[in-house]
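# Residue-level structure breakdown
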Amino acid sequence: ICKVAYDSSGNGNHATLTNTDDPSTSASGWGPGPEGSVLSLDGTNDYAKVASNGRLNFGTGDFTIKVGVKTNTTMADKFLVGFRTLSTGAGMVVTTGSAGNAGKFRCGGITGGDLNSTTSIDDGAWHDCTMVRKSGVVTMNVDGKTEATGRDTTDWSAFAVDRPVFGCNDFNEAGNFIGGQISSIWIWKRALSDDETRFHNAFPYQAFESESASVLAIVPQPSAYAFSQVGIVKPQLGVQLNRDHPL
């Protein structure tokens, strides 16, 4: 099994897989998905991490985080993406919902208070979950539909958050493990428009012809796609994580 999800965009932001089964099983490691390979996490101790990288620090600027996920986890606070500093725990997390919103899509750690979707994502179907911050306004979308809005004025540079962790509690890399499959993780250092969000929901593995150098993405590439097909319009500062085509 490949223990690294490779960055095929040219930025070197490879994600290291931890505790995934070797060889892969249906519950852990690389497996088949709707468009090729996806990453399965067993909900017990599997996760992935990108090394610290200053380009992943948003400061006070706009950004977008998008996750393609399939899970039947009905428990609260199972982590999809975590960006928090180890010294204080300050930062932001994208998880399944908290408290009475267990099994929904949640954004926590923002200054305006936690946001939870109205749609549950714990039904064992694939869902496209997107969080956008633009000029201090946070919008959460599930499957291309806006589900919640709030505010966030966090200055990420104040606590040097720059290492995303996928699949578990990023503060100590232990606990809050999510069980299920991840087909894609995108991170842009800008706010996607509503039209772009809907486009990515319909075509989750495609990049935009108009992408600027400010985009930053993390994506497991489907192995069913030829590398040249996926990479035709690949993000210039992004990350496409895939097991099949190490740079």
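Report on the accompanying structure.

### Quick look at the overall build of the protein chain
Helix and strand content of the protein chain: two helices and 16 strands. Burial statistics for the protein chain: of 247 residues in total, 53% are counted as buried. Taking contacts inside the protein chain between residues at least 6 apart in sequence as the whole, the part at least 24 apart equals 61%. With an accessible surface of roughly 9,500 Å², the protein chain has 50% of that area assigned to carbon and sulfur atoms.

### Focus on the side chain of Thr154
Tracing the chain through its elements places Thr154 in the loop between strand 13 (145-151) and strand 14 (165-166). Residue class for Thr154 comes out buried when judged on its relative accessible area of 13%. Here Asp152 takes part through its side chain, which lies 2.6 Å from a polar atom of the side chain of Thr154.

### Things to note about unusual backbone geometry
In this structure, the amide linkage connecting Asp22 to the following residue, Pro23, adopts the cis form with an omega of 5°. Of note, Pro23 is situated in the loop between strand 2 (15-18) and strand 3 (29-33). Phi angles above zero are rare outside glycine, and Asp143 is one such case at about 55°. Turning to its location among the elements, Asp143 is positioned in the loop between strand 12 (137-142) and strand 13.

### Structural notes on the nonpolar core
The biggest cluster of nonpolar side chains holds 36 residues, and the ones touching the most others in it are Ile65, Val67, Leu80, Val81, Phe83, Met92 and Phe105. When residues in this core are grouped by element, the largest group, four residues, is from strand 6 (residues 63-70). If we ignore the near neighbours within four places in the chain, the residues touching Met92 are Phe63, Ile65, Gly82, Phe83, Arg84, Cys107, Gly108, Ile110, Met131 and Trp156.

### So, the environment of Tyr47
Relative to the helices and strands, Tyr47 is located in strand 5 (residues 47-50). For Tyr47, a relative accessible area of 10% puts it in the buried group. As for Tyr47 and Gly167, which are separated by 120 residues in sequence, their C-alpha atoms are 4.7 Å apart.

About the thresholds
Residues numbered from 1 in each chain as written. Predicted model: local features only at pLDDT ≥ 70, side-chain atom pairs only at ≥ 80, totals over all residues. Heavy atoms only, no water. Helix = DSSP H or I, 4+ residues; strand = E, 2+ residues; numbered from the N terminus. Buried < 20%, exposed > 50% of the residue type's maximum accessible area, 1.4 Å probe, protein only. Contact = heavy atoms within 4.5 Å. Areas by Shrake-Rupley, 256 points an atom, 1.4 Å probe, with all protein chains shown as cover. Polar contact = N/O pair within 3.5 Å; in protein donor to acceptor, adjacent residues only side chain to side chain. Core = buried A, V, L, I, M, F, W, Y, C linked by side-chain atoms within 4.5 Å.

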